[in-house]
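# Fold and geometry: a report
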Amino acid sequence: MTVQELPGAAAYRPTPPPAWKPLTDPAPLLPDPEPYRVLGTDAVADADPELLLRLYAELVRGRRYNAQATALTKQGRLAVYPSSTGQEACEIAAALVLEERDWLFPSYRDTLAAVARGLDPVEALTLLRGDRHTGYDPREHRIAPLCTPLATQLPHAVGLAHAARLKGDDVVALAMVGDGGTSEGDFHEALNFAAVWRAPVVFLVQNNGFAISVPLAKQTAAPSLAHKAVGYGMPGRLVDGNDAAAVHQVLGEAVARARSGGGPTLVEAVTYRMDAHTNADDATRYRVDSEVEAWRAHDPIQILERELTGRGLLGDEGIEEARAAAERMAAALRERMNADPVLDPMDLFAHVYAEQTAQLREQAARLRVELDAEHGQDDMEEGR
Amino acid sequence: MTTAAATAGERTAKAKPATMAQALGRALRDAMAQDPAVHVLGEDVGTLGGVFRITDGLAKEFGDDRCTDTPLAEAGILGAAVGMAMYGLRPVVEMQFDAFAYPAFEQLISHVAKMRNRTAGAMPLPITVRVPYGGGIGGVEHHSDSSEAYYMATPGLHVVTPATVEDAYGLLRASIASDDPVVFLEPKRLYWSKADWSPEAPVAVEPIGRAVVRRPGRSATLITYGPSLPVCMEAAEAAVEEGWDLEVVDLRSLVPFDDETVAASVRRTGRAVVVHESSGFGGPGGEIAARVTERCFHHLEAPVLRVAGFDIPYPPPMQEKHHLPGVDRVLDAVARLQWEAES
Ligand SMILES: Cc1ncc(C[n+]2csc(CCOP(=O)(O)OP(=O)(O)O)c2C)c(N)n1
C-alpha cells in the first residue's frame, strides 16, 4: 500500500523534522574493513628499527613472565593467573606508547602491560597471590589497580583524563578491556562520556576471541567491535593485535590525537588467547585445536622475529640475548615469589577509613586478643 | 575583609527563614568557592540547577567545568567521579532520585568504597554522593525509596543524613571536606522545611559521626534520623499528655554510628524505640536495636522496639500515608514500652 492510497492522504504533505542535521559526519569514524598491519607489508619501511628491537625484547620477556606466573600457580604460589600468552603485542604496545605522565587502566588480564610500564613484577602479582588487593601505589607508576569487575575501570579512565585536561595537563589515559567487557553497560557509558567530553582517552579492546568460553559471535552482532565507536562519535580503528609494530603505531596515533585535543579513539586489536582463560579453565570444552594451531602460525613473537632477522636487524646472538634476559627476570621472579609474604592481620582494619571508627577500633582490639591468645597457645605447645 | 567576630555579628542580624534546600545549595557554593578541586556533576545540575534546584546558580557562578551536566548514566557519572578523584579533584555527585542511584551500585560498592583499602591507603577517594531519599512527597514509583540499609552494609562508605537546616549545611561541608567517600542522604520531604538561619552564617561544621539529643527527656528514648525526626519531635510533644517525657536522639550519621550518645541516652531512660521510614526487616533499626541491647541490657526495662515502614516495595503515592510511620505509630510503640514480662 502506498501513502497515496491512505484515506485523507491527498491532503498530507510529509515534511522533514524541524532543524534535522547530523551531529557528526560518520565517514571518517568508520574502521577499515581489514585489520591494519605493518610487519610483512610496505609500511614496515617507516618503522623505527630501535623500536622494533625494543618491542621484541619486551615480547620475549612478557611471554616468559606469563609462563613463569602460570608455573607459580601449579606450585600454589599464586591463587590464579590469567595468562596473556599470544596477546603480548597488545600488552607491550599499550605500555610503551604512553609517556611517563600518562595513565594506564588495565583489566585483570593485563599484568604484562603493567610490568612493561615499569611496575615491580612481584607487586603486579600480589592481587593474584592473595596477600594484597593492589600491591602498589597507583600514583607512583600511574597505573590504576588491576581491575577485576569487567569494564568498570573505563569510566575511571575517562574521569581521570577529563580531570587532567581541566587542570591543563596534557595527560592521556589508555584503558584496556576484553571483547566480553564491551557488552557491559560501563563500556557504553565510558565511551559516551569520553566522546561528549572529548576526553583524552584511548580505549584498547583486546579481542582475543573468547570471554571465558563464549565466542565473539555470541557477544555482539556488530560487524566489528571497532564499529561500536561510530555511534558514540569517535573513530574506531581495527588492528592486527599480533603485529606489535601495527598496534604500537595505531595506539600511538590515537594517543597523539587525544593529547592534542582531538578526543577519544576506540581501538580493536584482533588477537587470540593461546592459553586457557586462567590456569583453572579447560579450553578444550569450547574450542578446537585447529583454530589454536592457525593462530600459532601467526604468533606475535615469531612474526616480529622473522621481520627483524629477515632485515638483518637481529641475529642468533640477539635472540639469545633476549631469551637470557627473560630467563634472568623469571629466575628473580621465582625466587622472590617463593618467599612467604609477611602479613599483619591488624592491617585488615588499617585502611577502611581515613580515621578508624569506634566500631573498627573495637573489632581490631578483639582480633588482637584472639591473636595474642593464639600466640600464647603456640608458645605453650612448643614448651616456651 | 571583615573580622570573624564582626562577620558573625552581621550574620546574626541577617538571620531569616531559610529552607534545607537553600542550605544545601549554599554548602555546595561555599565549598566550591573555598576549594577549586570541588566539582559538581550529575544529571540536570547545570542550567536547570537540579530537579530540586539544589545546584541552582553553580554553573553560572563557577562555569560548566565545575558544575557539569553529564550524559544520563549513573554508573558513568560515579565512575567518572572515581577517575576525577584519582587525579586530585573532589567530585560531588548528584543522583537525581534514590532509586535511580541503583545503576551506580557497582561503581559505589566495588570501587568508591574500596579504593582506599585496595591500595593500602595510597589512594583515598574524596567523593560525596548526594542522594535525595525517602517518601512523603507524593512521588510515583522509584521516587521515594529509603536505601540507607544498602549503603550502611558497605564498609568504606560514610552514610550521613541531616534532619535540620543547620545540619544540612554543616554535614554537607564536612562530607565534601572528608577524605573518605560519603553517601549524603537528603530527606527530600524536608527540603522545604525552614529555620531561622542566615545563609551566610557558617554553623558549626561538625565532624561526621556524632549524634545529638534534640529533646531531653527521662522516660524513654526515640532514636531516629532524617525524615523521621520531625515525626518523633511531634510524638514527644504529644506524649507529654500521657505522662511520657521522651528524649529524642537524632543520629545524623549512620556510619560511623555514635554508640556513645545513643547508649548514654538509653541508660538514662531505660527504654528505646528506633524510628525510621525504610522497611523494618533487614533495615537500620535491627542493627541499632541490637547495638543498644548489647550495650544497655542491664538498664533496659523493655525490649528495644522498632517503628519502621512496612516490608513492602514503596507504595504508590495515594497509599504512602499508610506506609510511613507517623506520630500515632510512634506513640503506640511508646505505650508498648510499659513492658510486663510474660508469666
Ligand atoms: C562484571 C563481571 N562479570 C563477570 C565476571 C567474571 N568474568 C571474569 S573474566 C570473564 C570473561 C571476560 O572476557 P573478556 O572481556 O573477553 O576478557 P578476556 O578474559 O578475554 O581477557 C568473566 C565473565 C567479572 N569479572 N566481572
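My aim in this report is to walk through the structure given alongside it, one point at a time. Source: prediction; values computed, not measured. (Residues numbered from 1 in each chain as written. Chains lettered and ligands numbered in written order. Predicted model: local features only at pLDDT ≥ 70, side-chain atom pairs only at ≥ 80, totals over all residues. Heavy atoms only, no water.)

Let us look at the packing of helix 10 (residues 259-269) of chain B against helix 11 (residues 284-296) of chain B. Residues and elements named next belong to chain B. The geometry of helix 10 relative to helix 11 is characterised by a closest axis approach of 10 Å and an angle of 65° between their N-to-C directions. In the crossing of helix 10 with helix 11, the sense of the turn from one axis to the other is right-handed. Between helix 10 and helix 11, the contacting residues are D259, V262, A263, V266 and R267 on the first element and R291, V292, R295 and C296 on the second. Here the contact of helix 10 with helix 11 is composed, by residue class, of five nonpolar, no polar and four charged. (Axes fitted to C-alpha atoms, helices over the stretch in contact; angles between N-to-C directions. Helix = DSSP H or I, 4+ residues; strand = E, 2+ residues; numbered from the N terminus. Left-handed = near helix turned anticlockwise from the far one by under 90°. Contact = heavy atoms within 4.5 Å. Nonpolar A, V, L, I, M, F, W, Y, C, P; charged D, E, K, R; others polar.)

Bringing the environment of B:R214 into the picture now. Residue and element names in this part refer to chain B. Note that R214 resides in strand 9 (residues 212-215). A relative accessible area of 27% places R214 in the partly exposed class. With 34 residues separating them in the primary sequence, R214 and V248 have C-alpha atoms 5.5 Å apart. In this structure the side chain of R214 is engaged in a polar contact, spanning 2.7 Å, whose partner is the side chain of D167. (Buried < 20%, exposed > 50% of the residue type's maximum accessible area, 1.4 Å probe, protein only. Polar contact = N/O pair within 3.5 Å; in protein donor to acceptor, adjacent residues only side chain to side chain.)

All names here are of chain A. Close to the ligand lie 15 residues; Y108, R109, G180, G181 and N208 are nearest. Within the contact set of the ligand, a nitrogen atom lies 3.2 Å away from a backbone nitrogen or oxygen of L150. Backbone polar atom of G181 to an oxygen atom of the ligand: 2.8 Å apart, as the coordinates give it. If the ligand stood free it would expose 580 Å²; the protein chains cover 72% of that surface. (Near = heavy atom within 4 Å. Areas by Shrake-Rupley, 256 points an atom, 1.4 Å probe, with all protein chains shown as cover.)

So, about a positive patch on the surface. Residues and elements named next belong to chain A. A cluster of basic side chains, namely R165, R198, R237 and R257, defines a positive patch on the protein surface. Mapping R198 onto the fold places it in the loop between helix 7 (185-197) and strand 3 (201-207). Note on R198: relative accessible area 45%, which makes it partly exposed. (Patch = residues over 30% accessible without salt bridge, like charges linked within 9 Å, V, L, I, M, F, W, Y side chains within 5 Å. Salt bridge = Lys/Arg side-chain N within 4 Å of Asp/Glu carboxyl O. Lys, Arg positive; Asp, Glu negative; His and termini not counted. Charge placed at Lys NZ, Arg CZ, Asp CG, Glu CD.)

Before going further, it helps to examine helix 2 (residues 20-34) of chain B. The end-to-end C-alpha distance of helix 2 of chain B, which contains 15 residues, comes to 21 Å, matching closely the 21 Å that a straight helix rising 1.5 Å per residue would cover. Every buried residue of helix 2 of chain B is listed here: B:M20, B:A21, B:A23, B:L24, B:G25, B:A27, B:L28, B:D30, B:A31 and B:M32. (Expected span 1.5 Å × (residues − 1).)

This part is about the packing of aromatic side chains. Going through the model one piece at a time under the given rule, you end up with 14 aromatic pairs over all chains. An angle of 55° between the planes, with centres 5.3 Å apart, marks the rings of A:F210 and A:Y286 as tilted. With a gap of 76 residues between them, A:F210 in strand 4 (residues 210-211) and A:Y286 in the loop between strand 7 (265-270) and helix 10 (289-296) connect regions that are remote in the sequence. Here the two residues A:F210 and A:Y286 agree in accessibility, since each one is buried. Arranged with centres 5.9 Å apart and planes meeting at 80°, the rings of B:F105 and B:Y150 form a pair that is edge-to-face. Taken together, the residues B:F105 in helix 5 (residues 105-112) and B:Y150 in helix 7 (residues 148-152) connect sequence positions 45 residues apart. For B:Y150, a relative accessible area of 46% translates into the label partly exposed. Taken together, the ring pairs in this structure connect B:F52, B:F97, B:F100, B:Y191 and B:W192 into an aromatic cluster. (Phe/Tyr/Trp six-rings, centres within 6.5 Å; stacked < 30°, edge-to-face > 60°.)

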